[in-house]
Each structure stands twice: as structure tokens, then as C-alpha cells.
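One letter stands for each residue in the lines below.
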Amino acid sequence: MPATPRSRSQARTTRPWILSGMDFADTRRKPNFTGKIAVAAALTVMCIIVLKQSPGFSGTSVFSRHEIGVTHVLVTGGAGYIGSHATLRLLKDNYRVTIVDNLSRGNMGAVRVLQRLFPQPGRLQFIYADLGDAKAVNKIFSENAFGAVMHFAAVAYVGESTMEPLRYYHNITSNTLTVLEAMAAHNVNTLIYSSTCATYGEPDTMPIVETTPQNPINPYGKAKKMAEDIILDFTKSKKSNMAVMILRYFNVIGSDPEGRLGEAPRPELREHGRISGACFAAALGIVPGLKVHGTDYHTADGTCIRDYIDVTDLVDAHVKALDKALPGKVGIYNVGTGQGRSVKEFVEACKKATGASIEVSYFTRRPGDYAEVYSDPSKIHRELNWTAQYTDLGQSLSQAWKWQKDHPNGYGSA
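Reading the values: rules and limits
Residues numbered from 1 in each chain as written. Predicted model: local features only at pLDDT ≥ 70, side-chain atom pairs only at ≥ 80, totals over all residues. Heavy atoms only, no water. Helix = DSSP H or I, 4+ residues; strand = E, 2+ residues; numbered from the N terminus. Buried < 20%, exposed > 50% of the residue type's maximum accessible area, 1.4 Å probe, protein only. Disulfide = S-S within 2.5 Å. Pairing = 2+ DSSP bridges. Axes fitted to C-alpha atoms, helices over the stretch in contact; angles between N-to-C directions. Contact = heavy atoms within 4.5 Å.

### Topic: the environment of Arg266
Next, step 1: Mapped onto the elements of the fold, Arg266 is located in the loop between strand 7 (251–253) and helix 9 (275–283).
Next, step 2: Looking at Arg266, the relative accessible area reads 28%, which means it is partly exposed.
Next, step 3: Residues Arg266 and Asn409, spaced 143 residues apart in sequence, show a C-alpha to C-alpha distance of 9.9 Å.

### What to know about the state of the cysteines
Next, step 1: Tallied over the full model, the rule gives one disulfide.
Next, step 2: With its sulfur 1.8 Å from that of its partner, Cys279 forms a disulfide with Cys350. One disulfide, between Cys279 and Cys350, carries an S-S torsion of -120 degrees and so falls in the left-handed class. Here Cys279 is found in helix 9, whereas its partner Cys350 is found in helix 11 (residues 343–354), with 71 residues between them in sequence.
Next, step 3: Assessed through its relative accessible area of 0%, Cys279 is described here as buried.
Next, step 4: The buried category is assigned to Cys350, whose relative accessible area is 0%.

### Let's talk about the sheet that holds strand 1 (residues 72–76)
Next, step 1: Pairing is parallel in the open sheet, where seven strands are placed in the order 3-2-1-4-5-6-11. With partners counted over all chains shown, the strands left at the sheet margins are strand 3 (124–128) and strand 11 (330–335), one partner each. The sheet shows a mean angle of 15 degrees between the axes of neighbouring strands, direction not considered.
Next, step 2: Summarising the sheet, strand 2 (residues 96–101) and strand 3 pair through five bridges and their orientation is parallel. Within the sheet, the bridge partner assigned to Val100 lies in strand 3 and is Ile127.
Next, step 3: The sheet strands contacting helix 10 (residues 311–324) are strand 1, strand 4 (148–151), strand 5 (190–196), strand 6 (243–249) and strand 11, and the helix crosses strand 6 at an angle near 160 degrees.

So, in C-alpha cells, the structure goes:
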């Protein structure tokens, strides 16, 4: 505890007394006192030698230096649903990972799970920061020896984007520019960018291929396309020799097959979130029922058709993209199953997976939604040797439901 004014005064008055007592001490005790000093000095030197010889000793963090055979990946948004699953896979594959997240949508509970799974020094670090703060981002890059960036961090709800468009342009487009500038300034030359099928809008023909014209119809898709354009323009400049992979993925479902991670959206965002989260919330009784928006689309049953990709397959595509990224080259890939499922089909599969009697209410279309989107994944199969493995919708939902039952309050239940 800090000394009070009184104790400081006592120290000043008693110190001469102590020194005085030492002056009058028996000379036979001096060698003992000197010996103690010598022993302490010897022990100190020995500790320093042992520390310097230990593998983890350095004047700087292990994260701040490049090591042969170790790739240090910055995962933005790594506390989120997809980012945390990607981090888990990277760590399993012996990458070194730094998560940067402002926790506005992510969960610190997911980070704690990852820290418990990989407690070894030099494997994983978490940095709380906002990518909108350019100074903070540059400081992070200056203090860490990144070999690659997986950029997931983004707000990502179509409906919300129509209500808060400026937030989406700032969070997605502007923040991607900030990350790209920091990469350029600090010579980090590999980027795996998390994009979306929403950049295509409502194509005239199905399935969607990578050359399908991009005509997004909502601020979320528009912001992502703008970010893509910025990345592509930079790669064409003479100053760039970046290896870039842009992954446009479809509707993500599922959770870690071993039950370690799952999807835990904030309660206030359930209305805008993924249909799987809304279905599980209804099955758990958190909300009174499931709301389906739009029954008059030009589809077989009148509801939207989507391509549902399991999160485990999705992160596998990211790792394969990282492995195949080449300097000066850009790869653009759709990540989906190639199968379109209607919302009504999805709801029935969710009812079966949960075993719950879910009341479904139907409403008018949600602004910014499109009738039908599903992928042609042949390019990513051909060039990256990637194919979706978890294509059984019911199985993916059952796995995700198990995590939800075990974690009714999200990571707060752990």
C-alpha cells in the first residue's frame, strides 16, 4: 500500500536510527551480511542465464518476430461466429493467431474457449480494438509480425443494413480500407477476404458463377462490393504484390462438430440474424415463435431459396485459400454447396432437428431480400480442391442445435 504522509515522516526519522544501529553493529556480523549479498547476486545472475536460455525468453513478444516455419495470421472479427471457427481451425493446423475484435458482435466467451484449448505461449493472443481506429490498427501491425490477414470483421445483416446504411459503409468498406493501408505500410502481403453472395443481388440466371454480374440490392451487399473493388484496384497498382483471395459465401449454418464453439447472437439482433438462430430461439422458448418474411416470391413454395453452407466447410475453404494464395495473384471464389433450399424446407428441417413444435408466422417481404441465390462451386473445387462435406441440412442443424441446448444463454452458459 502507498505510504501515508505519517508513515513517510516516520521513515525519515527512523532511517538514521537504522543506519546508526548498523554503524554500531558487532564487526563479527559484517562478513555474514556481505555473504548474503554475494549469494543474492549469484542467484540473480543464474536466473538471468536460465531465462535467456529458455525458448520463450526475449525482450519482445514472440508475436512480434517472424519465425521460420510459423505463419502468424491476423484474424479480424475472430471472436465472432465464423471468425472463431476459423481461428480454431488455424490453431489446429499449427498457425500462430492474433484475434482483433471490438466485441460489438463477437463473444469473449468464444475467445476464452480457444485460449483454454490452446494455452501454450505463442499460439494465440487477443487484442481488443476497433478497426475504425486507424492509429490503433497501425500500432497493432507495427507490434506484430503478421504473415497473412483473414478479414472477417463486419456487421452482416441484410435487414439491419437497410435501416443503418451509413454504419454498414463505414464498418465494412471504410474499415477494409484501413486494414489494407496497414497491410501495405507494414509489408503484409497475403489477404483472405470474407465477402458475400449479396454482392450479386438478384441474378437473372442460376446457379451463380464468379463471373455473374454484381448488382447488389442492399447496403450490406453494396458495402462488400465496394470493399472488393478497393482490394482489386490496389492489387493492380505497381506498389502491390499482394496475394489475395476473395471468398463470396452463401448462408452459413452449423457449428463445430466437437461442440466447442457455436453461434451466439446478441438478443437484440435476433430479428435481423440468421434464420437458424431465430429457429433455435423459438425452439428454446426464448421467443414465442419463428417469423418468416415473404411468401410471394417466384419460387416453388413462395419463400426465398438459399444455399446453406456449414461453417466447418466454410473455414476449410479459407484455409485452403490461404495455402494456395500466390504473390501478385487474385483468386475469387463462391463458397457454397450448389444446392438451393427454400425457407419453408429449412423450417421443416429445423423442426425435425430440434424436435420442437415451433409456431411459424408469415409476414411481408423484408427490405433488401432477394428471391433465389445458390452457387456453382465448380471453380473452387477445380482450383483449390475444395468441396463441401457437410451437405446434409438436417445433420448441420442437429449439430448446431446440440450446442444451443448446451448453451441456452450463449457462451454465458459455459
